[in-house]
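Observations on the model geometry
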Amino acid sequence: MTLLDRVVYGISSHFMERRAEWAMSAALLSTDFIALGILRLLALVINGTFADTWYGRWTHHVRGFLALYSLYVWTTIDSRLLLPIIIIEFSNLALAFGDSGAADRRFKNAAAEH
């Protein structure tokens, strides 16, 4: 499998369950916080594509912290969007940190088996 095939498969296999994260990350690209949007998109790509690597384990945590920071950023951009943004980003936080907990448990269980 080529790298491009792996990236396409990684994104497509998790896209629907993380579509709000993708949307919020892409939306940041149209603001002054382009770097934050790029970081979130990169974390999503790595998380879905390279989950079996040593650094893939931490991308759930990175996604969660970037969603938390994005929540702060969105509230500084336009307070009229506050309620919908808070709802979407809190669901992103719950998803990312839920994934973090599951990944941590898998890592801990795998370590205990060896």
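You'll find the structure just up there.
Residues numbered from 1 in each chain as written. Predicted model: local features only at pLDDT ≥ 70, side-chain atom pairs only at ≥ 80, totals over all residues. Heavy atoms only, no water.

Considering the pattern of salt bridges
Selection rule: Salt bridges, as used here, are contacts in which a Lys or Arg side-chain nitrogen is within 4 Å of a carboxyl oxygen on Asp or Glu. The cut-offs for exposure are 20% and 50% of the maximum accessible area for each residue type, with area from a 1.4 Å probe on protein chains only; residues under the lower value are buried, those over the upper are exposed, and the others partly exposed.
Summed over all chains, the structure comprises three salt bridges. Across the pair Glu17 and Arg18 runs a salt bridge, and its minimum N-O distance is 3.8 Å. When its relative accessible area of 47% is taken as the criterion, Glu17 is described as partly exposed.

Here's the deal with the side chain of Glu21
Put simply, the rule is: Helix and strand definitions here come from DSSP, where helices need a minimum of 4 consecutive H or I residues and strands a minimum of 2 consecutive E residues; each element is numbered from the N-terminal end. N or O atoms within 3.5 Å of each other form a polar contact, as long as, within protein, one can give a hydrogen and the other can take it, and as long as residues adjacent in sequence are counted only when both atoms are side-chain atoms. Contact definition: two residues touch when any of their heavy atoms are within 4.5 Å.
You can see Glu21 is positioned in helix H2 (residues 19–28). Of the polar contacts made by the side chain of Glu21, one reaches the side chain of Arg63; its length is 2.8 Å. Contact partners of Glu21, with chain neighbours within four places excluded, come to Arg40, Leu44, Arg63, Asn92, Leu95 and Ala96.

Regarding the packing of aromatic side chains
As a reminder of what qualifies: Between rings of Phe, Tyr and Trp, where Trp is taken as its six-membered ring, a pair exists when centres lie within 6.5 Å; planes separated by under 30 degrees are stacked, by over 60 edge-to-face, and by other angles tilted.
Enumeration over the complete set of coordinates arrives at two aromatic pairs. Consider the rings of Phe15 and Trp22, whose centres lie 6.0 Å apart with planes at 40°: the pair is tilted. Assessed through its relative accessible area of 35%, Phe15 is described here as partly exposed. Given a relative accessible area of 14%, Trp22 falls into the buried group.

Considering the nonpolar core
Let me state the cut-off plainly: Buried Ala, Val, Leu, Ile, Met, Phe, Trp, Tyr and Cys residues that are joined via side-chain atoms within 4.5 Å together make up what is termed a nonpolar core.
Met24, Leu28, Leu36, Ala43, Leu66, Val73, Trp74 and Ile85 together form the largest nonpolar core, which totals eight residues. At the level of elements, H2, helix H3 (34–49) and helix H4 (59–77) are the ones that each hand at least two residues to this core. Looking at this core element by element, the count peaks at three residues for H4. In contact with Trp74, not counting residues within four places along its chain, are Met24, Ala27, Leu28, Thr31, Ile85 and Glu89. Counting residues in hydrophobic clusters, the runner-up holds five residues, among them Val7, Trp22, Leu41 and Val45.

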